[in-house]
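Coordinates in review
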Amino acid sequence: MSRHQLWRVMAFFSVAIAVYAVVLLFVPSVGAPFLADRLATVPIALLTHVAASAVALATGPFQFHTGLRTAGPVRHRWLGRLYLLGVLVGGLSGLRLALVSEGGLVAHTGFGLLAVCWLVSSALAWDRVRRGDLDGHRAWMVRSYAMTFAAVTLRIYLPLGLAAGLPFGVIYPAVSWLCWVGNLLVAEHVFVTPLRHRAV
Ligand code: HEM
């Protein structure tokens, strides 16, 4: 698959899950049954998380498209600020949700660490661009978006695991780690390592 085809697949899944998130804001019953409990106990964290993270998920792919980036550097900066705001609000509220998620301690830790790494990698990406380090900016944004994309991989692995007959109580904690660690490994190998070789 060419890089452009890969980008199209990534953009398609990102926008599709962002649309699902927006629908969930208006029709909470389309989500998992445990969401009713979250809505009752941590409604602000849940709603701000879903809305802000959807913004990060939907804007991210357009930042990586070389043609769009070079054609509109001002748009790239404003979309980048919107992405970072989405990560900041989505990450802090995601951290709150991690404390009460399904899946017990393993999932609390998996989601909690994801939230912290998401916030830190995005802050580093912002810091690098402010210092004029464009390769560093790109590398940290790739890592940041690999974690944003966990919203997609989670929703692929979970139904696959359930279809394979694994109980929810087993698959959910496992997926809370797999959904982002796998993305980070692939992103590092496919996108960040070539950048490092180019810089030498
Ligand atoms: C990358 C950092 C993220 C973390 C740490 C995180 C964490 C969480 C946690 C802990 C929950 C509650 C799950 C439970 O109660 O068992 C949740 C739910 C949810 N998150 Fe995230 N999330 C992240 C990114 C995203 C992104 C980028 C989206 C974009 C759409 C998103 C959309 C949702 C939605 C829609 C729910 C409701 C549950 C569902 O429908 O499956 N999250 N998130």
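Located above this text is the structure these notes cover.
Residues numbered from 1 in each chain as written. Predicted model: local features only at pLDDT ≥ 70, side-chain atom pairs only at ≥ 80, totals over all residues. Heavy atoms only, no water.

**Regarding the environment of Leu158**
With respect to the element layout, Leu158 can be found in helix 8 (residues 150–163). Using a relative accessible area of 15% as the deciding quantity, one classes Leu158 as buried. As a C-alpha pair, Leu158 and Trp177 span 19 residues in sequence and 12 Å in three-dimensional space. (Helix = DSSP H or I, 4+ residues; strand = E, 2+ residues; numbered from the N terminus. Buried < 20%, exposed > 50% of the residue type's maximum accessible area, 1.4 Å probe, protein only.)

**Topic: the packing of aromatic side chains**
In this structure the tally under the stated criterion is 10 aromatic pairs. An angle of 25° between the planes, with centres 5.9 Å apart, marks the rings of Trp177 and Trp180 as stacked. Taken as a pair, Trp177 and Trp180 lie in helix 9 (residues 168–199) at a separation of three residues, close to a single helical turn. Cluster of aromatic residues (ring-pair linked, three or more members): Phe34, Phe111, Phe168 and Tyr172. The ring of Trp78 has Arg81 lying over it, and the distance from NZ or CZ to the ring centre is 4.5 Å. (Phe/Tyr/Trp six-rings, centres within 6.5 Å; stacked < 30°, edge-to-face > 60°. Lys NZ or Arg CZ within 6 Å of the ring centre and 35° of its normal.)

**Some thoughts on the packing of helix 1 (residues 3–26) against helix 3 (residues 43–64)**
Two quantities define a packed helix pair, namely the angle between the axes and the distance from one axis to the other. Their axes nearest at 9 Å, the elements helix 1 and helix 3 cross at an angle of 160°. Classed by the angle they form, the pair helix 1 and helix 3 counts as roughly antiparallel. Pair helix 1 / helix 3 crosses with left-handed handedness. Facing Trp7, Met10, Ala11, Ser14, Val15, Ile17, Ala18, Ala21, Leu24 and Leu25 of helix 1, the residues of helix 3 in contact are Leu47, Val50, Ala51, Ala54, Leu57, Ala58, Pro61, Phe62 and Phe64. In terms of residue class, the contact of helix 1 with helix 3 is made up of 18 nonpolar, one polar and no charged. (Axes fitted to C-alpha atoms, helices over the stretch in contact; angles between N-to-C directions. Parallel < 35°, antiparallel > 145°, perpendicular 65-115°, else oblique. Left-handed = near helix turned anticlockwise from the far one by under 90°. Contact = heavy atoms within 4.5 Å. Nonpolar A, V, L, I, M, F, W, Y, C, P; charged D, E, K, R; others polar.)

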